[in-house]
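# Close look at the chain arrangement
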Amino acid sequence: MPLCFEKNMTIKIDVRGENGMLDIRNERKEDYSIVEEITRKAFYNVYVPGCMEHYLVHVMRDHEDFIPELDFVLERDGQVIGNIMYTKAKLTDEDGTEKEILTFGPVSVLPEYQRNGYGKLLINHSCQKAAELGFDVIVILGSPANYVSCGFQCCKKYNVCVEGGKYPAAMLVKELKEGALDGRKWYYSESPAMNIDEQAAVEFDDQLEPMEKKWTPSQEAFYIMSNSFVE
Ligand SMILES: CC(C)(COP(=O)(O)OP(=O)(O)OC[C@H]1O[C@@H](n2cnc3c(N)ncnc32)[C@H](O)[C@@H]1OP(=O)(O)O)[C@@H](O)C(=O)NCCC(=O)NCCS
C-alpha cells in the first residue's frame, strides 16, 4: 500500500486500489460521539468481553492531565475512522525526582479499516507533534506488535519499571529526544485520569446501541501479555 505525505500533512493514500484522501487533525467537539463510537467498536471484546475505553474517552477529555493539542482524529475521504489521545504521566527516580512524560491511549481505528497502516500514521504524527510541544518521552502499555515499528522499545532497555521494580512485557518506551532517559532507574506512574469508575462505564455502555459481549481468543493473548514480565 503506497503512502505519500504532502507538505501540509494531508496524506494521499491508496488502499486496495481505491484512492482516498487522508487528513489528520485535532479532534473537535462535533467529533466526540463518533470518536467514542469508533473506540467502542475497535475495543469491544478485544481485551475483555465488552469494553470500557469509550467511557474513558468520554470522561478523560475533562481531566487536567489530558492534552487537547495531542488529541487527533484521522479522516478518510471526510469520514473520521481513527483517533489517538494523550495524557501526562510521570517517571520518578530512586531519589524521588519526578519527570513529566506522556502516555497515549486509547488509540483506535474502525475495525473495517484496521491493518492498513492508519494506526501507525496516527502514532507517528502524534509523536512528532509531542516532540514539537517539548515532550521527550512516551511510555505506553499495550500489545508490542502494534508499536515496535513506530520506534517503541522494551521498557527494560531504558530501565523504566513499575512499582516493585518489575518490567512488564507490555510496557514500551520511546525517547522523542535521544538521551532523555539517562540510564538511571525510573518508576512509571500513569495519570489518575485512567482510573475510571467501572460501574459508571457499564451504565454508559448500557445506554448505547446493544453490542454482544463475548469471549474471543485475543482476550487470552491479552491475559498472557499483561501478566508477563521481562527478566
Ligand atoms: C491498534 C490499532 C490502533 C492499530 O491500528 P491499525 O491501523 O490496525 O494498525 P496498522 O495497520 O497501522 O499497523 C501498525 C502495526 O501494528 C501491527 N498490527 C496491527 N494490528 C495487529 C494485530 N491485531 N496483531 C498483531 N499486529 C498488529 C501491524 O502489523 C503493524 O506493524 P508493522 O508496521 O510492523 O507491520 C487498531 O488495530 C485498533 O484500533 N485496535 C483495537 C483497539 C486497540 O487494541 N488499541 C490499542 C490498545 S493497546
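Read on for a plain summary of the structure. (Residues numbered from 1 in each chain as written. Predicted model: local features only at pLDDT ≥ 70, side-chain atom pairs only at ≥ 80, totals over all residues. Heavy atoms only, no water.)

This part is about the packing of aromatic side chains. Within a pair of aromatic rings, the relevant descriptors are the distance that separates the centres and the angle that separates the planes. By the definition in use, this model includes 8 aromatic pairs. With a centroid separation of 5.4 Å and 55° between ring planes, the pair formed by Tyr55 and Phe204 is classed as tilted. With Tyr55 in helix H2 (residues 53-60) and Phe204 in helix H4 (residues 198-206), the pair connects residues that are 149 residues apart, well separated along the chain. For the pair Tyr55 and Phe204, one class covers both residues: buried. Note on Phe104 and Tyr147: the rings are 5.5 Å apart at their centroids and 65° apart in plane angle, and the pair reads as edge-to-face. (Phe/Tyr/Trp six-rings, centres within 6.5 Å; stacked < 30°, edge-to-face > 60°. Helix = DSSP H or I, 4+ residues; strand = E, 2+ residues; numbered from the N terminus. Buried < 20%, exposed > 50% of the residue type's maximum accessible area, 1.4 Å probe, protein only.)

So, about the side chain of Glu27. As for its position among the elements, Glu27 is in the loop between strand S3 (18-26) and helix H1 (32-43). If we skip the residues at most four places from it in the chain, Glu27 touches Tyr32, Val35, Arg61, Asp71, Phe72, Val73 and Met85. (Contact = heavy atoms within 4.5 Å.)

A word on the site of the ligand. The environment of the ligand is made up of 18 residues, and the closest members are Tyr47, Arg115, Gly117, Gly119 and Lys120. The side chain of Gln114 places a nitrogen or oxygen atom 3.3 Å from an oxygen atom of the ligand. One of the side-chain nitrogen or oxygen atoms of Ser149 is found 2.9 Å away from an oxygen atom of the ligand. Its free accessible area being 900 Å², the ligand has 74% of it covered by the protein chains. Class assignment of the residues belonging to the shell around the ligand gives a composition of 8 nonpolar, 8 polar and 2 charged. (Near = heavy atom within 4 Å. Polar contact = N/O pair within 3.5 Å; in protein donor to acceptor, adjacent residues only side chain to side chain. Areas by Shrake-Rupley, 256 points an atom, 1.4 Å probe, with all protein chains shown as cover. Nonpolar A, V, L, I, M, F, W, Y, C, P; charged D, E, K, R; others polar.)

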